[in-house]
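Residues per chain, in single letters:
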Amino acid sequence: MYERHHYISGQTVEGTSGRFGPIYNPSTGEQAGKVALASKAEVEAGIAAADAAFPAWSGTSVVKRARVLQNLVQILYREKDALAEALSAEHGKVFSDAQGDVQRGLEVAEFAQGIPHLLKGEFSDNVSGGIDMYSMRKPLGVVVGITPFNFPAMIPLWMSCMAIACGNTFILKPSEKDPTVPLMFADIWKEAGLPDGVFNVINGDKEAVDTVCTDPRVKAVSFVGSTPIAQYVYSTATAHGKRCQAMGGAKNHMIIMPDADLDQVADALVGAAYGSAGERCMAISVAVPVGQQVADKMVEMLKPRVEALKVGHSMDPEAEMGPLVTADHLAKVRGYLDLAEQEGADVVVDGRDFKYNMQGYENGYYLGGSLFDNVKADMRTYREEIFGPTLQIVRAESFDEAIRLPSEHEFGNGTSIFTRDGDTARAYVNNVEVGMVGVNVPIPVPLAFHTFGGWKNSAFGDINQHGMEGVRFYTKTKTVTSRWPTGIRSGAEFVIPTLNS
Ligand code: NAD
């Protein structure tokens, strides 16, 4: 059984708290390792190391910082499959999907290579006699990323690449469920030429999170995870004077208009609902066909596709969907399926009946795909996030009724509409109360040079992940008013300077 510890100031630091969390291989159901859970004092040692590294790193030229990012990109491409294999073993997503997890993070590293351009400030020449005015973006200091289990490569890279390129020093507090890939990143950053202390990994749980959210040396906290913890982190970090962005849970709807290509919709839905066993914050978990005929046809087309989903060991090249992440999460998702039935939803395909030949992996945390029809907006299973391989069909009679569902839902992460009608698509894009919208695209995850973030209870704080918003989150603006030559004298002035003075 392997052990995972911390990484501080360029080296592995053994955990001393005596507390460990289990790491499972969800494909086999065996405990594969354990991860050290940091005490407050261990976290404080990490913060001190990052704090000590800040003056030199923030003073390193922006071109040299960009070159470290360039090296990082090359090494990430070289190590992509090794990272994906390690990720797949602890998370349970299939290998090809794990490669996508790494790739999506790597693309933020590619974007961050352009940091000399992204950090350029503004300049106004001669705003008044001999006075120039300019602004620049300065790094914040020690910043922290707290990440969820479901994208152990992409989300740590979203945060660390932008933070470090901007000149900050960074502490990653990854999910305790899959800490191996985040620790592999530590070696990769080092090989890329990053000085010790700039990228640190501290494994831990609530104690570590509470410490980083309250320590005055930490200037900003970026969080991605479930909504209750996002709210907690946001309120704790901001109450302690920190900048915070905290992304939470989701319930993503796909609206299917009667004129849509239903074959295309059915294929898009199975991928978007069941890929990664539904453990994606951008998974489609609710399908909203408009009109009874469309709904009946969708059920007819989806049923055989869901029944035919190939579930298997995450490294089985035939598998389309692997296991869920832990036995606890499996039990939680099964509980929601039981509840959906009690609440009166129609079970079209029951993933609990799943009985494939698991070729010796019967103890893995597997669940088949489920499909529920006639789900109603007041059901608990509709209002809450399930985060498993299940799709709920909520029938709507009209476009107006359909758009109200995601707009009035507590969450507002992603949504999608399938239609051939431009007017309808445009009305949906402009009016739906959701942060990321797809038109005939099932999972509208923005690329690195745009920005990622939901609305309502899917995100707390005003600034999103990556893109220019990432630069804004990890920097503060300094604006300078400067007079050259200094020889101009107008005597003492007691009124606020204006352009008339
Ligand atoms: P989680 O909230 O359980 O854990 C996220 C992080 O918070 C982990 O690092 C964990 O160690 C820490 N944490 C857990 N409990 C804590 C507590 N009581 N106090 C302080 N810290 C605590 O989330 P998860 O199960 O790892 O991830 C799945 C969730 O993340 C889903 O809700 C999913 O929708 C969401 N998610 C959201 C986005 C997004 O961008 N909106 C992206 C990915 C995942």
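Residues numbered from 1 in each chain as written. Predicted model: local features only at pLDDT ≥ 70, side-chain atom pairs only at ≥ 80, totals over all residues. Heavy atoms only, no water.

Participant: So what exactly am I meant to see when it comes to the overall build of the protein here?
Facilitator: Scanning the protein from N- to C-terminus turns up 15 helices and 23 strands. For a compact globule of 501 residues, the expected C-alpha radius of gyration is about 23 Å, and the protein comes in at 25 Å, within 12% of that figure. For the protein, the spread of C-alpha atoms along the three principal axes comes to 85 × 55 × 40 Å. Partitioning the contacts of the protein with sequence separation of at least 6, the portion at a separation of at least 24 is 73%. Only carbon and sulfur atoms are counted for the fraction: they give 51% of the accessible area of the protein, which is about 20,500 Å². Here the protein carries 45 positive and 60 negative side-chain charges, and the mean point of each set is 8 Å from the other. (Helix = DSSP H or I, 4+ residues; strand = E, 2+ residues; numbered from the N terminus. Rg over C-alpha atoms; globule rule 2.2 N^0.38 Å. Contact = heavy atoms within 4.5 Å. Areas by Shrake-Rupley, 256 points an atom, 1.4 Å probe, with all protein chains shown as cover. Lys, Arg positive; Asp, Glu negative; His and termini not counted. Charge placed at Lys NZ, Arg CZ, Asp CG, Glu CD.)

Participant: What exactly am I supposed to notice about the site of the ligand here?
Facilitator: As a matter of local geometry, the ligand sits amid 27 residues, with Lys-173, Glu-176, Ser-226, Gly-248 and Glu-385 nearest to it. A distance of 2.8 Å separates an oxygen atom of the ligand from a polar atom in the backbone of Thr-147. Contacts to the ligand include Ser-226, whose side-chain N or O atom sits 2.6 Å from an oxygen atom. Protein chains bury 88% of the 840 Å² of accessible surface belonging to the ligand in isolation. In this structure, the ligand is accommodated by the largest pocket. Taken together, the elements giving at least two residues each to the shell around the ligand come down to helix H7 (206-214) and strand E11 (218-224). Its residues assigned to classes, the shell around the ligand comprises 14 nonpolar, 9 polar and 4 charged. (Near = heavy atom within 4 Å. Polar contact = N/O pair within 3.5 Å; in protein donor to acceptor, adjacent residues only side chain to side chain. 1 Å grid on protein atoms, 1.4 Å probe; cavity = no way out; pocket = protein on both sides within 12 Å on 5 of 7 lines; lining within 4 Å. Sits in = over half its atoms within 2 Å of the grid points. Nonpolar A, V, L, I, M, F, W, Y, C, P; charged D, E, K, R; others polar.)

Participant: Help me understand the pattern of salt bridges in this model?
Facilitator: Should the charged atoms of two oppositely charged side chains come close, the side chains can pair. In this structure the tally under the stated criterion is 23 salt bridges. The salt bridge partner of Asp-263 is Arg-305, with a shortest N-O separation of 3.1 Å. Of the two residues, Asp-263 is situated in helix H9 (residues 262-274) and Arg-305 in helix H10 (residues 292-307); the sequence distance between them amounts to 42 residues. A relative accessible area of 43% places Asp-263 in the partly exposed class. Residue classification places Arg-305 among the partly exposed residues on the basis of a relative accessible area of 24%. Salt bridges here are not isolated pairs; linked through shared partners, they connect Asp-338, Glu-341, Asp-350 and Arg-352. (Salt bridge = Lys/Arg side-chain N within 4 Å of Asp/Glu carboxyl O. Buried < 20%, exposed > 50% of the residue type's maximum accessible area, 1.4 Å probe, protein only.)

Participant: Got a minute to help me understand the environment of Pro-195 in this structure?
Facilitator: By secondary structure assignment, the location of Pro-195 is in the loop between helix H6 (180-191) and strand E10 (199-201). According to the relative accessible area criterion, Pro-195 is partly exposed, its value standing at 39%.

Participant: What am I meant to see in the packing of helix H1 (residues 40-58) against H7 here?
Facilitator: Packed helices, taken two at a time, are described by the angle their axes make and the gap between the axes. For the pair H1 and H7, interaxial distance at closest approach is 9 Å and the crossing angle is 45 degrees. When the axis of H1 is compared with that of H7, the two are oblique. Once H1 is placed against H7, the crossing between them reads as right-handed. The residues of H7 that touch H1, namely those facing Lys-40, Val-43, Glu-44 and Ile-47, are Glu-207, Ala-208, Thr-211 and Val-212. Here the residues of the contact of H1 with H7 sort into 4 nonpolar, 1 polar and 3 charged. (Axes fitted to C-alpha atoms, helices over the stretch in contact; angles between N-to-C directions. Parallel < 35°, antiparallel > 145°, perpendicular 65-115°, else oblique. Left-handed = near helix turned anticlockwise from the far one by under 90°.)

Participant: Looking at this structure, how should I read the sheet that holds strand E7 (residues 131-139)?
Facilitator: Think of a sheet as strands paired side by side through backbone hydrogen bonds, with each pair either parallel or antiparallel. The 3 strands lie next to each other as E6-E7-E23, forming an open sheet whose pairing is antiparallel. At either margin of the open sheet sits one strand with a lone partner, and together these are strand E6 (122-128) and strand E23 (475-483). The sheet shows a mean angle of 25 degrees between the axes of neighbouring strands, direction not considered. (Pairing = 2+ DSSP bridges.)

Functional significance is not addressed by these values, which are geometric in nature.
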